[in-house]
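Chains, contacts and geometry: an overview
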Amino acid sequence: MTNHPAPPSFAVIPGRSVQAALAGREREVIELVESAYRLHGSGDTVNPPSYFLRFPDRPKERIIALPASVGGDVKSAGIKWISSFPDNVSAGLPRASAVLLLNDLGTGYPYACLEGSVISASRTAASAALAATQLSRGRSSVGRVGFIGTGLIARYIHTYFAAADWPFERIGVYDTSADRVRGFSEQLRTTSRTPIVAFDSAQEIIRASDVIVFATTAGTPHVTDPAWFGHAPLVLHVSLRDVSTEVVLSAANFVDDVEHCLKAHTSVHLTEQRTGSRDFLDGTLYDVLTGKVTPPTDRTVLFSPFGLGVLDLALGAFVHGECSRTGELSTIDGFFSELETHGTTVRPEVRDV
Ligand SMILES: NC(=O)c1ccc[n+]([C@@H]2O[C@H](COP(=O)([O-])OP(=O)(O)OC[C@H]3O[C@@H](n4cnc5c(N)ncnc54)[C@H](O)[C@@H]3O)[C@@H](O)[C@H]2O)c1
């Protein structure tokens, strides 16, 4: 009997299913993100540059395409398509929205479309928690954590820090919007007993924190004085464009991927443009994971993660697997309908047995 391939299936995974698949799995997600970094560092991924769609008359807004392919146990290709419209927040909607498409590596066919903003926020937060653990090894004080920018990403990062048993002593918060500080603090109080202190300026919170998380929507550097970092904190520069070249040059610098991060007017990109070299970079997170580089404990350590599509894919494939395992996968019948190839038709009734 002739074996016919099964017609490709296509699933749509809504945000509620993504959240259900990831809820309470933060430690597992951190491990998945670490594996994806290791696969990327060892060359078992393809991660072309992100593509930025910008609008000439609306400079704050953008939609980014992040294509990628991951080997190892993940074995998937795909693309994240993520919008950032900062003014959404004042209208009561999150800034970012996204979809993630997964493609089968055997046929190339897309096999799933997932709500992508939860996956994106989760992988960003897992990466921050992993980096904080790795880059703070040997430091005696890490308990005073300061969040500059208190939106959705800050909330996810706090959740992932908590899941990683971060030894919080005090959580500092600072945002240009007092409403956001209030909302963030109220949310934290529902899950954490750590004292929360609101600061009035970036300078105050930086000087008073061992670990600083930048998660703002600042487009250009607003923190310019290296003296504020005189106590050599660990800085997770998740929003990438907050600190000046002088601050970058005063720190030991780690990135997720050199080629990716030295683009799109990030602070490290501006530093490369200013100095004409990459000598200020000390290594990647992969270098730290593999023991090739040991981050200093007596200097400011600045981690700038551009955010790699391989992380979204690894997490997306995990969510797809979970939804499939729990019977939550909702496939669209006949999504691919043109399946005739020169007289050979893929017929469901003669699927491979
Ligand atoms: N590196 C990555 O992988 C990655 C991934 C996802 C998001 N991000 C970045 O994280 C940032 C935060 O995303 P979000 O979804 O939480 O956005 P959000 O709009 O929900 O929150 C951003 C907050 O920053 C505040 N803010 C803006 N400028 C500020 C300043 N100068 N000082 C203090 N606060 C300021 C805003 O008031 C707002 O509350 C964005 O820049 C986004 O691009 C990075």
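Basis of the calculations
Residues numbered from 1 in each chain as written. Predicted model: local features only at pLDDT ≥ 70, side-chain atom pairs only at ≥ 80, totals over all residues. Helix = DSSP H or I, 4+ residues; strand = E, 2+ residues; numbered from the N terminus. Rg over C-alpha atoms; globule rule 2.2 N^0.38 Å. Buried ≥ 20, exposed ≤ 12 C-beta atoms within 10 Å, placed from the backbone. Contact = placed C-beta atoms within 7 Å. Near = placed C-beta within 6 Å. Nonpolar A, V, L, I, M, F, W, Y, C, P; charged D, E, K, R; others polar. Domains from an automatic or database assignment. pLDDT = per-residue confidence, 0-100. Axes fitted to C-alpha atoms, helices over the stretch in contact; angles between N-to-C directions. Parallel < 35°, antiparallel > 145°, perpendicular 65-115°, else oblique. Pairing = 2+ DSSP bridges. Arc of directions from axis to C-beta.

On to the overall build of the protein, then. Scanning the protein from terminus to terminus reveals eleven helices and 18 strands. Whereas a compact globule of 353 residues would reach a radius of gyration of roughly 20 Å, the protein reaches 22 Å, a difference of no more than 12%. The C-alpha extent of the protein, read off along each of the three principal axes, is 75 × 45 × 45 Å. Burial statistics for the protein: of 353 residues in total, 41% are counted as buried. Within the protein, residue pairs in contact and separated by at least 24 positions form 71% of the contacts whose partners lie at least 6 positions apart.

Attention now moves to the site of the ligand. Residues in contact with the ligand amount to 30 residues; listed here are only the nearest, Gly149, Gly151, Ile153, Thr216 and Gly307. Among the elements of the structure, α3 (117-135) and α4 (152-163) are those that each provide at least two residues to the shell around the ligand. Looking at the shell around the ligand, the element that brings in the most residues is α4, giving three residues. Of the residues that constitute the shell around the ligand, the class distribution is 14 nonpolar, 13 polar and three charged. Looking at which domains feed residues into the shell around the ligand, each of domain 1 (11-119 + 309-350) and domain 2 (126-304) supplies at least three.

The assigned domain composition of the protein is domain 1 (11-119 + 309-350) and domain 2 (126-304). For domain 1 and domain 2, the distance between their C-alpha centroids amounts to 27 Å. Listed by partner, the interface residues are 16 residues for domain 1 and 19 residues for domain 2. Counting residues per element, the side of domain 1 that touches domain 2 draws most heavily on helix α2 (residues 26-41), which supplies ten residues. The residue inventory of the side of domain 1 that touches domain 2, partitioned by class, reads nine nonpolar, two polar and five charged.

Before going further, it helps to spend a moment on the confidence of the model for the protein. Residues at a pLDDT of 70 or more form 95% of the protein, whose mean pLDDT is 94. Across residues 349-353, where pLDDT falls below 50, the model places seven contacts with residues more than four positions away in sequence or in other chains.

The contact between helix α1 (residues 15-22) and α3 brings their axes to 9 Å, and the two run at 30 degrees. As far as their axial angle goes, α3 and α1 are roughly parallel. Side by side, α1 and α3 meet where Gly15, Val18, Gln19 and Leu22 of the first sit next to Val118, Ile119 and Ser122 of the second. Across the contact of α1 with α3, the residue classes break down as four nonpolar, three polar and no charged.

A word on the sheet that holds strand β10 (residues 196-198). Strand order across the open sheet formed by eight strands is β10-β9-β8-β11-β12-β15-β13-β14, with parallel pairing between neighbours. Across the chains shown, the open sheet's two edge strands, defined by having one partner strand only, are β10 and β14 (281-284). Between one strand axis and the next, the sheet turns by 20 degrees as a mean value, whatever way the strands run. Pairing of strand β13 (residues 252-255) with strand β15 (residues 301-304) involves four bridges; the strand directions are parallel. Paired with Ala252 across the strands is Val301, a residue of β15.

Moving on, we get to the pairing of β15. Of the two faces of β15, both are covered, the one formed by Val301 and Phe303 as well as the one formed by Leu302 and Ser304. Bridge analysis of strand β12 (residues 234-237) against β15 gives three bridges, and the strand direction is parallel. In the sheet register, Leu236 faces β15, and the bridge partner there is Phe303.

Attention shifts here to helix α9 (residues 267-275). Ser267, Val268, Thr271 and Glu272 are the residues of α9 that are buried. Each buried residue of α9 lies within a common arc of 145 degrees when the element is viewed along its axis, so the set occupies one face. Tucked into the core, α9 has its buried residues touching β12, α7 (245-250), β13, α8 (258-261) and β15. Gly276, located one to two residues past α9, shows a positive phi value of around 75 degrees.

Further remarks concern the pairing of strand β3 (residues 51-55). Burial runs low along β3: only zero of the five residues are buried. By the bridge criterion, five bridges tie β3 to strand β4 (residues 58-70) in an arrangement that is antiparallel. Within β4, the position partnered with Leu53 by the bridge is Ile63. Following β3, the chain reverses through two residues before pairing antiparallel with β4.

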